[in-house]
Amino acid sequence: MKVSTLVDLLDRLYPFALAEEWDNVGLIAGDSRAEVAGVLLALDVTRDVLAEAGTAGCNVVITHHPVIFRPIRRLNESELQGALVGQALRDRIALIALHTNLDSAVGGLNDTLCDLLGLQGVKPLVDSGRERFYKLAVFVPETHADKVRQALFDGGAGHVGNYDSCSFNTQGVGTFRGMVGKTSPFLGTPGELERAQEIKIEVILRREVAGRVVGAMLGAHPYEEVAYDLIPLHNKESGTGLARIGKLAQAETLAAFTKRVQDLGIFVKAVLGAPEKRVQKVALCSGAGSDFCTSALSHGADVYLTAELKHHHALAAHDKGMALVETDHYTLEQKHWPRLAEILSGQGLKAKVSERGPELWRRP
Ligand SMILES: [Zn+2]
């Protein structure tokens, strides 16, 4: 498998288009034409992680945090970022980032955390899902409607929630007249007005597959000039967003909840709330989710789990009686990698979860 094919696969699993505007995801450095020898999954690109990739025979490192985040104007190897990118390029290691797209995606990091904690009826905590759909309408002679519709589906259009092959079809009459000497129409004669029985096929598609879908549609369509509309929609993908809220099947004490978090290997740095407080409605956010504390409060969460909580958010939570469980960034965000490693192994790739951190915080 080429690096570019791996990137396409990751895009289907955790669409890059879901990433926040300020983020930087996808292939950050490396050669998309290279053959993938092995994939190492880590939180950050560090010197240790690059060394581990070399030892493990992995020439692709997928991290949650992008090694290049904000736009840069220069790379100096005497500084950490330049040194890491320089080292990766010299070692021919491709660096791929799955960041807020992984947080947000259905079946991504936040959903994994909800699964591990046994949350049910999980929904996004904040409406941070991006507008990322197009509507495609194409006019096809009746004889070719099935072929073109199938090409649209094969290209990746027509997915709505857990349904595929979704389309709407209306019959009508198309008219056209080709110029004499310049056209050879599939139907009719140049210079004469043609009235053709056509089907208007409408499908919804993700923006990132638009090129592929339109290409497949044009390939299957018999006309030399194809009439179609590609229209941006304001629909948002349901189930996506940077944080989640759900319910435990049964209420438990804050102490028991905290213990279960720790038992998952997540390092709990601090807890706000009485140990005997009953919790059932749980909000969580992978990474530094302090800013969603207000949303957790307004949704009536009993407890909010995230990393890097700010003092003034803790004050607000304390005032309203919402418990807080603050974890470290690393152990919280490592939790999805075993699942992705399994998916990649299923595709015949060598995939390994990094064992070299950075686990920066020490348990006291
Ligand atoms: Zn993070």
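Residues numbered from 1 in each chain as written. Predicted model: local features only at pLDDT ≥ 70, side-chain atom pairs only at ≥ 80, totals over all residues.

Draft legend 1. Inspection of the overall build of the protein at higher detail. For the protein, the count of helices and strands is 12 helices and 15 strands. Within the protein, buried positions represent 37% of all 364 residues. In the protein, once contacts between residues fewer than 6 apart in sequence are set aside, the share between residues at least 24 apart is 71%. (Helix = DSSP H or I, 4+ residues; strand = E, 2+ residues; numbered from the N terminus. Buried ≥ 20, exposed ≤ 12 C-beta atoms within 10 Å, placed from the backbone. Contact = placed C-beta atoms within 7 Å.)

Draft legend 2. A look at the sheet that holds strand 13 (residues 303-307). Ordered in space as 5-10-12-13-14-11, the six strands form an open sheet in which the pairing is mixed. Strand pairing shows two members of the sheet lacking a second neighbour, strand 5 (119-124) and strand 11 (268-272), which therefore form its edges. Here the strands of the sheet are splayed against their neighbours by 25° on average, with no regard to which way each runs. Where strand 12 (residues 278-288) meets strand 13, four bridges bridge the pair, whose relative direction is parallel. By the bridge assignment for strand 13, Ala283 is matched with Tyr304. Lying on the sheet, helix 8 (residues 254-263) is in contact with strand 10 (244-253), strand 11, strand 12, strand 13 and strand 14 (323-327); it crosses strand 10 at an angle near 120°. Docked against the sheet, helix 10 (residues 311-320) engages strand 11, strand 13 and strand 14, running at close to 40° with respect to strand 11. (Pairing = 2+ DSSP bridges. Axes fitted to C-alpha atoms, helices over the stretch in contact; angles between N-to-C directions.)

Draft legend 3. Inspection of the sheet that holds strand 2 (residues 39-42) at higher detail. Taking strand neighbours across the sheet as the criterion, the five strands line up as 1-4-3-2-15 in an open arrangement whose pairing is mixed. Each edge of the open sheet carries a strand with a single partner, namely strand 1 (26-29) and strand 15 (351-353). Shown here is a sheet whose adjacent strand axes are inclined to one another by a mean of 30°, direction ignored.

Draft legend 4. Examining the packing of helix 6 (residues 145-155) against helix 7 (residues 210-220) more closely. Across the interface, helix 6 lies against helix 7 with an axial gap of 8 Å and an inter-helix angle of 155°. Considering the angle they form, helix 6 stands roughly antiparallel to helix 7. At the point where helix 6 passes helix 7, the crossing takes the right-handed sense. The segment helix 6 lies against helix 7, with Lys147, Val148, Ala151, Leu152, Asp154 and Gly155 engaging Arg212, Val213, Ala216, Met217, Gly219 and Ala220. For the contact of helix 6 with helix 7, the residue count by class is seven nonpolar, two polar and three charged. (Parallel < 35°, antiparallel > 145°, perpendicular 65-115°, else oblique. Left-handed = near helix turned anticlockwise from the far one by under 90°. Nonpolar A, V, L, I, M, F, W, Y, C, P; charged D, E, K, R; others polar.)

Draft legend 5. How the structure looks around the pairing of strand 14. Within strand 14, five of the five residues are buried, which leaves the element mostly enclosed by the surrounding structure. By the alternation rule, side chains of strand 14 split into Ala323, Val325 and Thr327 and Leu324 and Glu326, which are all buried. Note that the unit made of strand 13, helix 10 and strand 14 has a crossover that is right-handed. (Right-handed = clockwise from strand over helix to strand, strands pointing away.)

Draft legend 6. Region of the structure containing the environment of Ile201. Tracing the backbone shows Ile201 in strand 8 (residues 194-206). Of the residues examined, Ile201 has 23 C-beta atoms within 10 Å and is grouped as buried. Along the backbone, Ile201 and Gln171 are 30 residues apart, and their C-alpha atoms lie at a distance of 9.1 Å. Apart from residues lying up to four places away in sequence, Ile201 is in contact with Val138, Val140, Ala145, Val148, Arg149, Leu152, Ser167 and Asn169.

Draft legend 7. How the structure looks around unusual backbone geometry. The backbone of Arg92 shows a phi angle near 55°, a positive value even though the residue is not glycine. Along the chain, Arg92 turns up in the loop between helix 3 (80-90) and strand 4 (94-97). Judged by C-beta crowding, with 11 C-beta atoms within 10 Å, Arg92 ranks as exposed. One non-glycine residue, Ser165, lies in positive phi territory at about 55°. With respect to the element layout, Ser165 can be found in the loop between helix 6 and strand 7 (168-176).

Draft legend 8. Molecular detail of helix 6. Turning to helix 6, its buried residues number three or more, namely Val148, Arg149, Ala151, Leu152 and Gly155. Down the axis of helix 6, the buried side of the element spans an arc of 160°, and every buried residue falls inside it. Two residues or fewer past helix 6, Gly156 is found with a positive phi of approximately 115°. (Arc of directions from axis to C-beta.)

Draft legend 9. How the structure looks around the nonpolar core. Within the largest apolar cluster, 71 residues are counted, with the highest numbers of intra-cluster contacts made by Val39, Val60, Val61, Leu95, Ala283, Val303 and Tyr304. The two domains that each donate at least three residues to this core are domain 1 (3-102 + 336-353) and domain 2 (109-126 + 240-332). If sequence neighbours within four positions are ignored, Val60 has contacts with Val3, Leu6, Val36, Val39, Ile93, Ala94 and Ile96. (Core = buried A, V, L, I, M, F, W, Y, C linked by C-beta atoms within 7 Å. Domains from an automatic or database assignment.)

Draft legend 10. Summary view of the domain arrangement of the protein. Partitioning the protein into structural domains gives domain 1 (3-102 + 336-353), domain 2 (109-126 + 240-332) and domain 3 (133-232). Contacts between the two partners involve six residues from domain 1, matched on the other side by five residues from domain 2. The class makeup of the residues in the side of domain 1 that touches domain 2 is three nonpolar, two polar and one charged.

Draft legend 11. Local environment of the environment of Thr253. Looking at the secondary structure, you find Thr253 in strand 10. Once you skip the residues sitting within four places of it in the chain, Thr253 turns out to touch Pro275, Glu276, Lys277 and Arg278.

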